[in-house]
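# Structure assessment
Now for the letters of each chain:
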Amino acid sequence: MMEQNRDVWILIAAYNEGSVIGEVVRELRGQFSNVAVVDDGSSDRTGDIALEAGAHVIRHPINLGQGAAIQTGLTYGLSRGADYLVTFDADGQHRIEDVKSMFEVVKKFDLDVACGSRFLGSTEAMPTSRRILLKLAILFTRFTTGVKVTDAHNGLRVFSARGAKQISITQNRMAHASEIIEQIAARKLTMQEVPVTIKYTAYSLQKGQKITNSLSIIMDLLGGRMHK
Amino acid sequence: MIIQSILTILALVVICLGLVHLGRATILANALILSGGFGIYCVWNPSSTTAVAHVLGVGRGTDLLIYLWVVVSTALVLLLYIQLRRQMILITNLARHIAIQEARRPATNRTEVEP
């Protein structure tokens, strides 16, 4: 049963997600033999729970942020010989069916990367304030990268090994989502957006991005540009 | 005279700090000694900075120093920011290296082929 999708690595960045990570990993392990959780220096038992649930656990000795954790996951997956690498959120807002459909698109069109888009697909229980914030983020990303994305901050992405090797995330915190789009544009990677469904729960909303974070994301992006 | 005395003492402290560092961090030490000396000179000869200010088209010497200070401190903040970002990237790479080296694999996963 565990022989499925051996060439695929599912990568989950997790920081203090002990209450949900076990369930997310178990569900994924039913379909994918390689699941890796990057425990971003959690103070709870996230790493142990993920390991018990059947994931590889890579633990940052200090908390570095989601961007750093995703890059660690990509580096680890590539070092294990992955052909395809999937970034998946720890809070259970993504659906495994969507991974499969994105995976099919990447294989079929020989893409470097497929990004999930909740605005091409559907959302369950998304609050209006979150919708406005995300739409603004999309405008910002379109303006700064020139890429006509429909969803700038979707955590669900499927990379081919070829695509993943060309991504190097230096934005440790939340600005990595824009940075990935920037690099896709700058390195002319082939990319397609695939409709996905995001399940909004009280848990994922509480963990998600607030309007107050957008300013620090913009500062991080400007800072990153300044020193390149 | 009170403010001049206070500023002079502070400048002397800066110069002493410079003298202490002399030999270890030469650039820093020289900068401290020079800026301390320049400070004392300006405190006791305020008209000298005003003369320079007039040449540059600024009304008062004090204003000239304020403008210079804004420019210098902004540049310092930017340099520090860049330096911090570089350090963060180094720390991140180090932490990533350690994390990957110490990766834990699930006991039940026997299907995986060793690379």
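Throughout this description, residue numbers start from 1 for each chain and increase along the sequence as written. The order in which chains are written sets their letters, starting at A; the order in which ligands are written sets their numbers, starting at 1. Residue-level local features of this predicted model are given only where pLDDT is at least 70; pairs of side-chain atoms are given and counted only at 80 or more, and the full residue set underlies all totals for whole chains, interfaces and linings.

### Concerning the overall build of chain B
Within chain B, the secondary structure is distributed over four helices and zero strands. Working definition: helices are DSSP H or I runs of at least four residues, strands are E runs of at least two. Numbering for both runs from the N terminus. Put simply, chain B runs from its N terminus to its C terminus through helices and strands in the order α-α-α-α. C-alpha atoms define the radius of gyration in this analysis, and the globule rule sets the expected value at 2.2 Å times the number of residues to the power 0.38. Taking 2.2 N^0.38 as the reference for a compact globule, 115 residues should give roughly 13 Å; the C-alpha atoms of chain B span a radius of gyration of 26 Å, well beyond that estimate. Seen along its three principal axes, the alpha-carbon backbone of chain B occupies a region of about 85 × 35 × 25 Å. Exposed residues have 12 or fewer other C-beta atoms within 10 Å of their own C-beta, buried residues have 20 or more, and residues in between are partly exposed; the C-beta atoms are placed from the backbone. Looking at chain B as a whole, 8% of its 115 residues are labelled buried. In chain B, 23% of the contacts between residues at least 6 apart in sequence involve partners at least 24 apart. Here, residues touch in the contact sense if the C-beta positions derived from the backbone fall within 7 Å of one another.

### Remarks on the overall build of chain A
Of the regular secondary structure elements, chain A holds nine helices and seven strands. Over its C-alpha atoms, taken along the principal directions, chain A stretches across nearly 45 × 40 × 35 Å. When contacts within chain A are restricted to residue pairs at least 6 apart in sequence, long-range pairs at least 24 apart make up 78% of them.

### Looking at unusual backbone geometry
All names here are of chain A. For asparagine 16, which is not glycine, the phi dihedral falls at a positive 50°. When you line up the elements, asparagine 16 lands in the loop between strand S1 (8-14) and helix H1 (18-29). With 17 C-beta atoms counted inside 10 Å, the residue asparagine 16 sits in the partly exposed group. Despite not being glycine, lysine 188 shows a phi value in the positive range, around 50°. Topologically, lysine 188 is positioned in the loop between helix H7 (176-186) and strand S7 (191-199). With 9 C-beta atoms counted inside 10 Å, the residue lysine 188 sits in the exposed group.

### Re helix H4 (residues 96-109) of chain A
Residues and elements named next belong to chain A. For a helix, the expected span equals 1.5 Å multiplied by the residue count minus one. When the terminal C-alpha atoms of H4 are compared, their 20 Å separation across 14 residues agrees well with the 20 Å that a helix rising 1.5 Å per residue should span. Residues Asp98, Val99, Met102 and Val106 constitute the buried set of H4. Buried residues of H4 fall within an arc of 105° about the axis and therefore sit on the same side. The outward face of H4, more than 90 degrees from its buried face, is lined by the exposed residues Glu97 and Lys108. Directly after H4, the chain includes aspartate 110, whose backbone phi takes a positive value near 50°. Here the arc refers to the set of directions running from the helix axis out to each C-beta atom.

### Thoughts on the environment of B:Ala53
Residues and elements named next belong to chain B. Following the sequence through the fold, alanine 53 ends up in helix H3 (residues 46-56). Distance in space between the C-alpha atoms of alanine 53 and valine 14 is 25 Å, their sequence separation being 39 residues. Other than its neighbours up to four places away in sequence, alanine 53 contacts Val58, Gly59, Arg60, Gly61, Asp63 and Leu64.

### Thoughts on the packing of helix H5 (residues 128-145) of chain A against H7(A)
All names here are of chain A. Fitting a line to C-alpha atoms yields each axis, with helices limited to the stretch in contact; the angle taken between N-to-C directions then spans 0 to 180 degrees. Where H5 meets H7, the closest approach of the two axes is 10 Å, and the angle between their N-to-C directions is 35°. Relative to H7, H5 is oriented so that their crossing is right-handed. Judged by residue contacts, Thr141, Thr144 and Thr145 of H5 engage Ser178, Ile181, Glu182 and Ala185 from H7. Classes in brief: Ala, Val, Leu, Ile, Met, Phe, Trp, Tyr, Cys and Pro nonpolar; Asp, Glu, Lys and Arg charged; the others, Gly included, polar. Of the residues that constitute the contact of H5 with H7, the class distribution is two nonpolar, four polar and one charged. Should the near helix be turned anticlockwise from the far one by less than a right angle, the crossing is left-handed, and should it be turned clockwise, the crossing is right-handed.

### Notes on the pairing of strand S3 (residues 56-59) of chain A
Residue and element names in this part refer to chain A. Going residue by residue along S3, you find His56 and Ile58 tucked away on one face and Val57 and Arg59 tucked away on the opposite face as well. Pairing analysis gives four bridges linking strand S2 (residues 35-39) to S3, with the strands arranged parallel. If you follow aspartate 39 over to S3, its bridge partner there is arginine 59. Assignment of crossover handedness uses the view with strands pointing away from the viewer, where a clockwise path from the first strand over the helix to the second indicates a right-handed crossover. Read as a crossover between parallel neighbours, the route from S2 over helix H2 (residues 46-52) to S3 is right-handed. Think of it this way: DSSP has to see at least two bridges between two strands before they count as a pair.

### Some details on H1(A)
Note that an α-helix has 3.6 residues per turn; residues three or four places apart therefore point the same way. Here H1(A) spans 17 Å end to end across 12 residues, near enough to the 16 Å set by a 1.5 Å rise per residue. Buried within H1(A) are the following residues: A:Val20, A:Ile21, A:Gly22, A:Val24, A:Val25, A:Leu28 and A:Arg29.

### Things to note about the nonpolar core
Residue and element names in this part refer to chain A. Formed by 64 residues in total, the largest nonpolar core has its most connected members in Ile10, Leu11, Ile12, Val37, Ala50 and Val86. Of all the elements, S1 adds the most residues to this core, at seven residues. Excluding anything up to four places from it in sequence, valine 37 contacts Ile12, Ala14, Ile21, Val25, Ala50, Ala55 and Val57. A set of buried Ala, Val, Leu, Ile, Met, Phe, Trp, Tyr and Cys residues, joined to one another through C-beta atoms within 7 Å, is what we call a nonpolar core.

### Regarding the confidence of the model for chain B
pLDDT measures the predictor's confidence residue by residue and takes values from 0 up to 100. Of all residues in chain B, 93% have pLDDT values of 70 or greater, and the mean over the chain is 88. Confidence scores differ between elements of chain B, with H3(B) showing the lowest mean pLDDT of 88 and helix H4 (residues 61-101) of chain B the highest of 93.

### A word on the packing of H3(B) against H4(B)
Residue and element names in this part refer to chain B. The interhelical angle for the contact between H3 and H4, taken along N-to-C directions, is 75°, at an axis separation of 7 Å. Looking at the two axes, H3 sits roughly perpendicular to H4. Residue-level contacts link Pro46, Thr49, Thr50, Val52, Ala53 and Leu56 of H3 to Gly61, Asp63, Leu64 and Leu65 of H4. Grouping the constituent residues of the contact of H3 with H4 by class yields six nonpolar, three polar and one charged. Working definition: roughly parallel below 35 degrees, roughly antiparallel above 145 degrees, roughly perpendicular at 65 to 115 degrees, and oblique for all remaining angles.

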